[in-house]
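# Reading the structure
What follows is each chain in one-letter form.
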Amino acid sequence: MRDVLAARGAPLLGAYVVPEAGDRESAARAAAAVRAAGADLVATATSGPERSRWTSTNQSIDLAATCQDRAGTPALATVTTWSRTVMSLQAHLLGAHARGVTRLICGNGMPPPPEERAWIDGRWAVDAVGLIELLRGLNEGVDRYGLRLDAATHFDIGVRIRAVPVLSAADRARTRRKISAGADFIVTSPVYTPHALDALLDVVDGAVPVLATVHPLRSSAEAELLRRELPDGCMPTEWVERLDRAGDRAAEEGERIAVELASRLAESAQGIMLSRADRPEVVSRVRAVLMRPVVG
């Protein structure tokens, strides 16, 4: 990602593509639209506000390959370790590399909702750190079991990390461990105030680029729900009040807030990831406020 950032000369801008039911055609159309609107890349998601449904790692890789092949848009695939053996993860990764999907966002993943969980024998064979270590080994030409590959891979290893105002000592240690394991860049959970990014940036201390995720809010009810569910200080009361005053035009106000927030976050982060690619006009507006040199 450092080469992309250096070539861009301004904060990187990406957007998550989340087509329903893993629809390749809609993914390719969305990727092309946001690319034309000014995005540098797209990402396919498996969890968080960016997801449309519980999406598997192989679907995420397939959609990323589709966006690259059909829309000519650089793509990141989200890879999670939930309910996968190390062997299946390695097979997915090597398959992704063969298809040209080499930029990845690593995460533990989340179990599906309870109503979908009864028929799934799920578990974590390795966590995100183990996944990063697996990828680093492949980049060194060695698989999980120490066997030499015909050729080393060249994965760009990203990791998803939660951004909250206060990080515990355990959170800080785990973030450093992910960087030490081989993470090349970080993609945050959705950030709703620059203050929520400060603790993570303090831990990272410039070791790797940080891309801050921005999620355009759609209603005051959504903002209020997040305010109650997220740790203290994550959701500013100001956003809830602005959305409430906007009434029927709350979604438009949410987009204005997202543009303002992206501009402020770009003063300290190396890039912005928008949580959805279904509004290319929002991508254009964010691109316009990012036209300045990268800080740091």
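Residues numbered from 1 in each chain as written. Predicted model: local features only at pLDDT ≥ 70, side-chain atom pairs only at ≥ 80, totals over all residues. Heavy atoms only, no water.

### Quick look at the nonpolar core
- The biggest cluster of nonpolar side chains holds 70 residues, and the ones touching the most others in it are Leu93, Ile186, Leu197, Ile272 and Leu274.
- Beyond its immediate chain neighbours, meaning those up to four positions away, Leu93 contacts Val79, Leu104, Leu131, Leu134, Leu135, Leu138 and Phe155.
- Counting residues in each nonpolar core, the second largest holds twelve residues, with Leu41, Ala43, Leu76 and Ile105 among its members. (Core = buried A, V, L, I, M, F, W, Y, C linked by side-chain atoms within 4.5 Å. Buried < 20%, exposed > 50% of the residue type's maximum accessible area, 1.4 Å probe, protein only. Contact = heavy atoms within 4.5 Å.)

### A look at a nonpolar patch on the surface
- Together, Met87, Tyr145 and Leu147 make up a nonpolar patch on the protein surface, roughly 350 Å² of accessible area in all.
- Mapping Met87 onto the fold places it in helix α4 (residues 86-98).
- A relative accessible area of 49% means that Met87 is categorised as partly exposed. (Patch = residues over 30% accessible without salt bridge, like charges linked within 9 Å, V, L, I, M, F, W, Y side chains within 5 Å. Areas by Shrake-Rupley, 256 points an atom, 1.4 Å probe, with all protein chains shown as cover. Salt bridge = Lys/Arg side-chain N within 4 Å of Asp/Glu carboxyl O. Helix = DSSP H or I, 4+ residues; strand = E, 2+ residues; numbered from the N terminus.)

### Observations concerning the packing of helix α7 (residues 169-181) against helix α8 (residues 195-204)
- Packing of α7 against α8 brings their axes to within 10 Å, and their N-to-C directions diverge by 50°. The angle between the axes of α7 and α8 places the two elements in the oblique class. As α7 packs across α8, the resulting crossing turns out to be right-handed. Residue-level inspection shows Arg172, Thr175, Arg176 and Ile179 of α7 in contact with α8, the latter providing Ala199, Leu200, Asp202, Val203 and Val204. (Axes fitted to C-alpha atoms, helices over the stretch in contact; angles between N-to-C directions. Parallel < 35°, antiparallel > 145°, perpendicular 65-115°, else oblique. Left-handed = near helix turned anticlockwise from the far one by under 90°.)

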